[in-house]
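Remarks on the overall topology
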Amino acid sequence: MIESLLVANRGEIARRIIRTAKRLGIRVIAVHSEADADLPFVAEADEAVLIGPPNPALSYRNTEAILAAAKSTGAQAIHPGYGFLSENAEFARTVEASGLIWVGPDADAITAMGDKINARNLMAAAGVPVAPGTTDPAADLDAAVTAAAEIGYPVMVKAAAGGGGMGMGVAVDEAALRTEYDKVRAFAERMFGDGSVLIERYFPRVRHVEVQILGLADGRVVALGERECSVQRRNQKLVEESPSPAVSPELRSRLLAAAVRAGEAVRYRNAGTVECLLDPATGEFFFLEMNTRLQVEHPVTEYVYGIDLVEEQLRVASGLAPTFDPDALSPSGHAIEMRINAEDPKRFLPGPGVVRTWVEPTGEGVRVDSGYTEGNTVTPFYDSLLAKLIVSGATRDEALDRAKAAVAAFQIEGPKNNVPFFAELLTNEEFLSGAYDTGIVSRMR
């Protein structure tokens, strides 16, 4: 097993990784910006290194500073968490070229799946269903208009190098396409350094379902069930649950088999997620993208499968067998995760500030993965995620009951937060029925 680990991230995911690593007896090094010096993850690590000012480009995306911290502390491995450098193939290559262990898929897999058009084509060749769309970037606006006419409106205009729900726009006709194409292309160039754009069929009433895969050290790829991720605002997830209330045993079998094929197509190792769009009317699903990292919502899979995904990541990176029998996976129960963000519960606009009160819910089947505590300052420099509230139960109804109680008990004062939104959602009949889709939040607003 790895003996020392540098966590190249911050907030709740850094704490989450630190918790497992310390349980396994691994020495843990945290890196942090000036803005995060007082956050819990810094205090909980065995050693902490300041790597730069608040600007992420000068700290959490500063590869030279992170590698220098690894060298000065004698770290053996680097875990990137999610976001920041987690899907940066060049950083992964540099880490391994420096003689360090990269806790994630190799750079070739990251590269292959990082470009959405290349990923679509790879998946189609592997027999994974893909939505109608372009097989090459739409080189200019005229090419986009031609492609959209062939696919049929409405279409989704997407940044080929994007991720995390960013760099997307919906066009219902040619006039809208002309606007969205220029907007998405400019955003993609600014955010990702790559203005390539793809055009896909847009499904107005669709569910977002993903499959957790794990590429093992012996070369096998296993699927650890699916997660429902259809409660979203601005194409970004707010709630995830496992198993999906929309997935039958027959559909689950097809989904998981397709996800394994996707992983095998790129010789995937470590944790990853195959994201799909599901048409609830027909039961058809289509490949959306593969996230070559640990997902924010991984705890719901941990509850249902009774495993620690961070431990499994560390075991794969160490060349060790998993803690479970890959041939005898047995999910049970139901789990739901709610992303507690520093944003108002109506328009979801960021609301940083000093945390004056922080009281986390407790009880059977309740877990909180938090990045902050009382007295900390939520700054405007990073993602608005404050914590993840995860609940589990023997059934979905039991998990929902525990979710209602936990949301009512969660007290946060200071920064704006979306806890009241979850209280509203948990009384929404559409959500409670399980028959919801990605438009549920817009219908609530």
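Heads up: these notes are all about the structure in this document. Predicted model only: the values in this text are computed from it and were never measured. Per chain, residues are indexed from 1 in the order of the written sequence. For this predicted model, a pLDDT threshold of at least 70 governs which residues receive local features, and a threshold of 80 or more governs which side-chain atom pairs are given and counted, while totals over whole chains, interfaces and linings are taken from all residues. Neither water nor hydrogens contribute to the side-chain values; these are computed over all heavy atoms in the structure.

Structural notes on the overall build of the protein chain
Looking only at helices and strands, the protein chain features 15 helices and 20 strands. Computation of the radius of gyration draws on C-alpha atoms alone. For the globule rule, the value is 2.2 Å times the number of residues to the power 0.38. In terms of overall dimensions, the protein chain is globule-like: its C-alpha atoms have a radius of gyration of 21 Å, near the 22 Å expected for 445 residues. In terms of overall dimensions, the protein chain has C-alpha extents of about 55 × 50 × 45 Å along its principal axes. Whether a residue is buried, partly exposed or exposed follows from its accessible area with a 1.4 Å probe, protein chains only, as a fraction of its type maximum: under 20%, in between, or over 50%, in that order. Burial analysis of the protein chain (445 residues in total) assigns 58% to the buried set. Carbon together with sulfur atoms contributes 50% to the accessible area of the protein chain, which is approximately 17000 Å² in total. In the protein chain, 44 side chains carry a positive charge and 61 a negative one; their mean positions are 2 Å apart. Secondary structure is summarised from DSSP: a helix means a run of H or I of at least four residues, a strand means a run of E of at least two, and numbering begins at the N terminus for each. Accessible surface area values rest on a Shrake-Rupley calculation with a 1.4 Å probe, where residue burial reflects the displayed protein chains alone. When charges are counted, Lys and Arg contribute as positive and Asp and Glu as negative, whereas His and the chain ends are disregarded. By convention, charge coordinates are those of NZ in Lys, CZ in Arg, CG in Asp, or CD in Glu.

A look at the environment of serine 248
Note that serine 248 resides in the loop between strand E11 (236–242) and helix H9 (249–265). Judged by relative accessible area, which is 32%, serine 248 ranks as partly exposed. With 161 residues separating them along the chain, serine 248 and glutamate 87 place their C-alpha atoms 32 Å apart. Under the rule applied, a polar contact is a pair of N or O atoms within 3.5 Å (in protein, one hydrogen donor and one hydrogen acceptor; residues adjacent in sequence only if both atoms are side-chain atoms). In this structure the side chain of serine 248 is engaged in a polar contact, spanning 3.1 Å, whose partner is the backbone nitrogen of leucine 251.

Regarding the sheet that holds strand E3 (residues 47–52)
By the convention used here, strands pair only if DSSP detects at least 2 bridges between them. Taken in spatial order, the five strands make up an open sheet running E3-E2-E1-E4-E5, and their pairing is parallel. Each edge of the sheet is formed by a strand with only one pairing partner; in this case those strands are E3 and strand E5 (101–102). When strand E1 (residues 4–7) meets strand E2 (residues 27–33), the two strands line up parallel, connected through four bridges. Opposite leucine 5, over in E2, you have valine 28 as the bridge partner.

Points about the pattern of salt bridges
Pairs can form between side chains of opposite charge once their charged atoms are near each other. Salt-bridge detection follows one rule: a side-chain nitrogen of Lys or Arg within 4 Å of a carboxyl oxygen of Asp or Glu. In the structure shown here, the tally under the stated rule is 39 salt bridges. For aspartate 308, the salt bridge identified is with arginine 16, shortest N-O distance 2.7 Å. With a gap of 292 residues between them, aspartate 308 in the loop between helix H10 (298–305) and helix H11 (309–317) and arginine 16 in helix H1 (residues 11–23) connect regions that are remote in the sequence. Between glutamate 240 and arginine 339 there is a salt bridge, with its nearest N and O atoms 2.8 Å apart. Here glutamate 240 is found in strand E11, whereas its partner arginine 339 is found in strand E14 (residues 334–341), with 99 residues between them in sequence. Residue arginine 339 is classed as buried on the basis of its relative accessible area, which comes to 13%. A single salt-bridge network, built from bridges that share partners, covers Arg16, Arg19, Arg23, Glu302, Asp308, Glu311, Arg367 and Asp369.

Observations regarding the nonpolar core
To define a nonpolar core, start from buried Ala, Val, Leu, Ile, Met, Phe, Trp, Tyr and Cys residues and group those joined through side-chain atoms within 4.5 Å. Leu6, Ile78 and Val231 are the most contacted members of the largest nonpolar core, which has 95 residues in total. By definition in these notes, contact holds between two residues if any of their heavy atoms fall within 4.5 Å. Among residues more than four places away in sequence, those in contact with isoleucine 78 are Leu5, Leu6, Ala8, Ile66, Leu67, Ala70, Phe91, Val95, Leu100, Ile101, Trp102 and Val103.

Some details on H9
Every helix has an expected span of 1.5 Å times one less than the residues it contains. The terminal C-alpha atoms of H9 lie 24 Å apart, and with 17 residues this matches the ideal 24 Å at 1.5 Å per residue to within 8%. Listed as buried for H9 are Leu251, Leu255, Leu256, Ala258, Ala259, Val260, Ala262 and Gly263. As for H9, its buried residues are in contact with helix H6 (116–125), strand E9 (207–215), strand E10 (221–233), strand E12 (270–279) and strand E13 (284–291).

Some words on the sheet that holds E13
Strand order in the open sheet formed by eight strands is E13-E12-E9-E10-E11-E14-E19-E17, and the pairing between neighbours is antiparallel. Two strands in the sheet have a free side with no partner beyond their single neighbour: E13 and strand E17 (366–370). Between one strand and the next, the sheet's axes are offset by a mean angle of 25 degrees, whatever the strand orientation. Pairing geometry for E9 and E10, over six bridges, is antiparallel. Residue pairing for E10: valine 209 is matched across the bridge by glutamate 228. With axes taken as lines fitted to C-alpha atoms, and helix axes fitted only over the stretch in contact, angles between N-to-C directions fall between 0 and 180 degrees. The sheet strands contacting H9 are E9, E10, E12 and E13, and the helix crosses E10 at an angle near 110 degrees. Across the face of the sheet, helix H12 (residues 396–409) comes into contact with E11, E14, E17 and strand E19 (385–393) while running at roughly 140 degrees to E19.

Let's talk about the packing of helix H4 (residues 89–97) against helix H5 (residues 107–114)
Two numbers describe how H4 lies on H5: the axes approach to 8 Å, and their chain directions differ by 175 degrees. By the criterion of interaxial angle, the relationship of H4 to H5 is roughly antiparallel. Here H4 contributes Ala89, Ala92 and Arg93 to the contact with H5, which in turn contributes Ala107, Asp108, Ile110 and Thr111. Looking at the contact of H4 with H5, its residues break down into four nonpolar, one polar and two charged. In these notes the angle categories are as follows: under 35 degrees is roughly parallel, over 145 is roughly antiparallel, 65 to 115 is roughly perpendicular, and the rest is oblique. Polarity classes work like this: nonpolar for Ala, Val, Leu, Ile, Met, Phe, Trp, Tyr, Cys and Pro, charged for Asp, Glu, Lys and Arg, and polar for all others, with Gly in that last group.

Remarks on the packing of aromatic side chains
Between the rings of Phe, Tyr and Trp (Trp by its six-membered ring), a pair exists once the centres lie within 6.5 Å; its type follows the angle of the planes, with under 30 degrees stacked, over 60 edge-to-face, and the other angles tilted. Within the structure shown, the criterion is met by 10 aromatic pairs. When the centroid spacing of 6.0 Å and the interplanar angle of 75 degrees are considered together, the rings of phenylalanine 187 and phenylalanine 192 count as edge-to-face. The structure contains a cluster of three or more aromatic residues connected by ring pairs, namely Tyr60, Phe84, Phe381 and Tyr382. Should the NZ of a Lys or the CZ of an Arg lie within 6 Å of a ring centre and within 35 degrees of the ring normal, that charge is described as sitting over the ring. One residue, arginine 201, lies across the ring of phenylalanine 203, its end atom 5.9 Å from the ring centre.

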